[in-house]
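Residues per chain, in single letters:
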Amino acid sequence: MTDPERLTDPAELTELAAALLASAGVPGARADGIAASLVEADLVGHGSHGVRRLPGYLAAVASGVIDPAATAAVRSRHGATAVIDGRRAFGQLAARRAADELASLCEEFAVGVVTVRDCNHVGRLGEYASLLAERGLVAVALSNADPTVAPYGGRERRMGTNPMAWALPRAEGRGPVVMDWATAAVAEGKLGVARAGGRAVEPGLLLDAAGAASTDPGDFYRGGALLPFGGHKGYGLSVVIEIVGGLLSHAGISSLPGYEGRFGTVMIGVRIDAFVPLATFRTETESFCAELTRTPLAEGHHEVLVPGEPEERTRAERLAHGIPLPAGTWSELLRLRDGPGGAPGGAPGPTQAPGGRRRP
């Protein structure tokens, strides 16, 4: 049985998320920024990294994994590189600080690499890569994470979902080309969304605890494992991200002793105008995107899209009509608001979109 969805106003959802964070000790402006990041993920269709993360974040604050009052800072600089100390702050704050530092390095050196130590979950990597692309950079972001994925041919967890994002600027007024996905066949958060909605997932995404293929997302939470996307190819990319993200950031390899559950985040930037005029890059990229969309269609398809365009469309739709949230996620947010330790004074809760629409 699927969990019904409710269309939720983005502004009120942001207000609720910020109030919950503030009730956990996050200072006002930072709570607003984290809340906006989470709701933005929901707006662009990636609920795996949206407000469904709040219960886990607040539990991490309560257990001391996240310091709600901490801010990230530059730990060291060496040429075109920098290390950010996440200081156990919310990962979104550390990642935004890393992106700002990377933009400064690229302005000075034309290229830059920034790593983040002691970093918590950063949310959606594509958010930060997109911000950098909007500043005239080719941007890459990657991160290793706690082990949830079996290696190609194996059945037990040895690697994280290990996401990677690329972003490139298009013509002025257009959103960037954005590639942002996990090297697992599915992000763990998307399994959580499917489980919350009472839905099965496609074959080829996960194994149960005995190593058998499964379409029940609950099997992952009962000791199963995710699979890498693309078989050995996704596995190989995940191995590289695990090593680079884990070791350059000092987070460590997630399946080896010493790993403490942090997210080994690395960002790389290239200033386009050091190689070609930015206007030329934008024009040629836009021409290529247009050429892609004009490709004759294969059977069963009605259009060709460029990476980043599905998110743009989803965002416009949800800004106009509301964000569909699983009822279970909504109920959990309201429980956090209304229960002991909830938002002081009773934070406003998410409401249905105009007309009180509810999705079956």
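These figures come from a predicted structure and were not determined experimentally.

A. Structural detail: the confidence of the model for the protein chain. Across the protein chain, pLDDT averages 93, with 93% of residues at or above 70. The low-confidence segment residues 343-360, where pLDDT is below 50, has 45 contacts with residues more than four positions distant or belonging to other chains.

B. Fine view of helix α11 (residues 327-338). When the terminal C-alpha atoms of α11 are compared, their 16 Å separation across 12 residues agrees well with the 16 Å that a helix rising 1.5 Å per residue should span. Among all positions of α11, only A327, T329, W330, L333, L336 and R337 are buried. Buried residues in α11 make contact with β1 (5-8), α1 (10-23), α3 (54-63) and β12 (323-326).

C. Local environment of the sheet that holds strand β6 (residues 164-168). If you walk across this open sheet you meet the 7 strands as β2-β3-β4-β11-β5-β6-β7, and the pairing is mixed. Across the chains shown, the open sheet's two edge strands, defined by having one partner strand only, are β2 (73-78) and β7 (177-181). For this sheet the average axis-to-axis angle between neighbouring strands, irrespective of direction, equals 15 degrees. Of the strand pairs in this sheet, strand β5 (residues 137-144) and strand β11 (residues 264-271) are connected by 8 bridges, and their pairing is antiparallel. Bridge pairing in β11 links V140 to I268.

D. View of the sheet that holds strand β9 (residues 213-214). Strand order in this open sheet of 3 strands is β9-β8-β10, and the pairing throughout is antiparallel. The open sheet terminates on both sides in strands that have one partner only, identified here as β9 and β10 (225-226). With 2 bridges connecting them, strand β8 (residues 206-207) and β10 associate as antiparallel partners. What sits directly across from L207, in β10, is A225.

E. Focus on the pattern of salt bridges. One pass over the full model with this rule turns up 21 salt bridges. The partner of R96 in a salt bridge is E127, with the nearest N and O atoms 3.3 Å apart. Taken together, the residues R96 in helix α4 (residues 91-109) and E127 in helix α5 (residues 125-133) connect sequence positions 31 residues apart. You can call R96 partly exposed: its relative accessible area is 37%. In this structure E127 comes out as buried when scored by relative accessible area, which is 11%. A salt bridge links R135 to D100; the shortest N-O distance between them is 3.4 Å.

F. Structural context of empty space enclosed by the protein. Here the structure, examined in full by the defined rule, presents 1 cavity of 30 Å³ or more. Space inside the largest cavity adds up to approximately 40 Å³. In terms of lining residues, the largest cavity is bounded by H46, R124, V178, D180, G308 and E311. Residues belonging to the lining of the largest cavity are distributed by class as follows: 1 nonpolar, 2 polar and 3 charged.

G. Focus on the state of the cysteines. Taken as a whole and assessed by the stated rule, the structure comprises 0 disulfides. Here C106 stays unpaired: no disulfide links it, and the sulfur of C119, its closest cysteine neighbor, is 19 Å away.

H. Here's a closer look at α5. Within α5, 8 of the 9 residues are buried, which leaves the element mostly enclosed by the surrounding structure. Within the span of α5, buried status applies to L125, G126, E127, Y128, A129, S130, L132 and A133. Each element contacted by the buried residues of α5 is listed here: α2 (28-43), α4, β5, β6, β7 and β11.

Calculation notes
- Residues numbered from 1 in each chain as written.
- Predicted model: local features only at pLDDT ≥ 70, side-chain atom pairs only at ≥ 80, totals over all residues.
- Heavy atoms only, no water.
- pLDDT = per-residue confidence, 0-100.
- Contact = heavy atoms within 4.5 Å.
- Helix = DSSP H or I, 4+ residues; strand = E, 2+ residues; numbered from the N terminus.
- Expected span 1.5 Å × (residues − 1).
- Buried < 20%, exposed > 50% of the residue type's maximum accessible area, 1.4 Å probe, protein only.
- Pairing = 2+ DSSP bridges.
- Axes fitted to C-alpha atoms, helices over the stretch in contact; angles between N-to-C directions.
- Salt bridge = Lys/Arg side-chain N within 4 Å of Asp/Glu carboxyl O.
- 1 Å grid on protein atoms, 1.4 Å probe; cavity = no way out; pocket = protein on both sides within 12 Å on 5 of 7 lines; lining within 4 Å.
- Points joined across faces, edges and corners; volume = space filled by probe spheres on them.
- Nonpolar A, V, L, I, M, F, W, Y, C, P; charged D, E, K, R; others polar.
- Disulfide = S-S within 2.5 Å.

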